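Listed below are the residues making up each chain.
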Amino acid sequence: MTKEDNRLLGSFLSNFISVKKRFLITTLIFSLFMLFGCSSSEGQLSTKNSKPDPFMLAKIDSHYKKWQKTPYRYGGSTLAGSDCSGLVMNFFRSKLAKTLPRSTAAQAQLGYKVSQPKAGDLVFFKTGRGGNGLHVGIYYADGKFLHASTSKGVMYSNLNEDYWKKHYWMTRRLTDS
């Protein structure tokens, strides 16, 4: 082996060790990020209610009774046909005297995020359907929420069902009552 061969071998080993160190450091940083960097309250929900507000429950039930035969209609906001944000907008206007924006995306900017929903809070989902891929409903109690289903119209569903758990995004509170 010549001096030149020894020098090339030494250079190769030095580069190999340097690449190996960088790989190990990168792997360690990536692993730490995956363990700690991605933790978030978004997508996590506790449906354990303390004591539901009976007045809010009555308002939601009353709204449901009026809207329960309403079919889903994208862009609709009447009893002839409504989408999810139209149903929510009408609930807040008629039952709480509050004006909400028309779109789910705009409604998702209102109020503040909470991890434990109360009756009247808005629950949001990323379903990939509709104009913006978002869905919204009105939280009732014990995991139930009122919404406009694309297949069954206005109905109650449960956040603990696999579909809703998988697509849950966040809960926002607009009222302090």
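To be clear, the structure that these remarks concern was listed above.
From a predicted model like this one, the values you see are computed outputs, not experimental measurements. Positions within a chain are numbered from 1, following the residues in the order the chain's sequence is written. In view of the model being predicted, local features appear only for residues whose pLDDT reaches at least 70, and side-chain atom pairs are presented and counted only at 80 or more, with totals across whole chains, interfaces and linings using the full set of residues. In computing side-chain properties, one takes all heavy atoms of the structure into account and sets aside hydrogens as well as water.

A. View of unusual backbone geometry. Within the chain, alanine 97 stands out as a residue other than glycine whose phi angle is a positive 55 degrees. Here alanine 97 is to be found in the loop between helix H3 (84-96) and helix H4 (104-107). Located in the positive-phi region is aspartate 142, a residue other than glycine, with phi close to 50 degrees. Relative to the helices and strands, aspartate 142 resides in the loop between strand E5 (134-139) and strand E6 (144-149). A residue is classified by how much of its surface remains accessible, and aspartate 142, at 57% relative accessible area, is exposed. By the criteria applied, helices consist of DSSP H or I runs no shorter than four residues and strands consist of E runs no shorter than two, each listed in order from the N terminus. Think of it in three bands: with a 1.4 Å probe and only protein chains considered, a residue is buried below 20% of the maximum accessible area for its type, exposed above 50%, and partly exposed in between.

B. Up close: the pairing of E6. In terms of burial, E6 is a largely internal element, 5 of the 6 residues being buried. Of the pairings in the sheet, the one linking E5 to E6 comprises 2 bridges and is antiparallel in character. The partner of isoleucine 138 across the bridge, within E6, is leucine 146. Where E5 folds back onto E6 in an antiparallel hairpin, the turn is made up of 4 residues, including aspartate 142, whose phi is positive at roughly 50 degrees. By this definition, two strands are paired if DSSP reports at least two bridges between them.

C. Region of interest: H3. Here H3 spans 17 Å end to end across 13 residues, near enough to the 18 Å set by a 1.5 Å rise per residue. With 10 of its 13 residues buried, H3 lies for the most part within the structure. Along H3, the positions that sit buried rather than exposed are Cys84, Ser85, Gly86, Leu87, Val88, Met89, Asn90, Phe91, Phe92 and Leu96. A helix is expected to reach a length of 1.5 Å times the quantity of its residues less one.

D. Representation of the pairing of strand E8 (residues 168-173) in the model. Most of E8 is tucked away: 6 of the 6 residues are buried. Bridge analysis of strand E3 (residues 112-114) against E8 gives 3 bridges, and the strand direction is antiparallel. Within E8, the position partnered with lysine 113 by the bridge is arginine 172. Inspection of the sheet shows strand E4 (residues 122-126) paired to E8 by 4 bridges, in the antiparallel sense. What sits directly across from leucine 122, in E8, is arginine 172.

E. Summary view of the packing of aromatic side chains. The aromatic pairing rule takes the rings of Phe, Tyr and Trp, using the six-membered ring of Trp, and pairs them if the centres are within 6.5 Å, calling planes under 30 degrees apart stacked, those over 60 edge-to-face and the rest tilted. Here the structure, examined in full by the defined rule, presents 9 aromatic pairs. Taking 5.4 Å as the distance between ring centres and 85 degrees as the angle between the ring planes, the aromatic pair formed by phenylalanine 91 and phenylalanine 92 counts as edge-to-face. The interplanar angle of 35 degrees and the centroid separation of 5.1 Å between the aromatic rings of phenylalanine 125 and phenylalanine 145 together place this pair among those described as tilted. Of this pair, phenylalanine 125 sits in strand E4 while phenylalanine 145 sits in strand E6, placing them 20 residues apart in sequence. Residue classification places phenylalanine 125 among the buried positions, given a relative accessible area of 0%. In this structure phenylalanine 145 comes out as buried when scored by relative accessible area, which is 0%.

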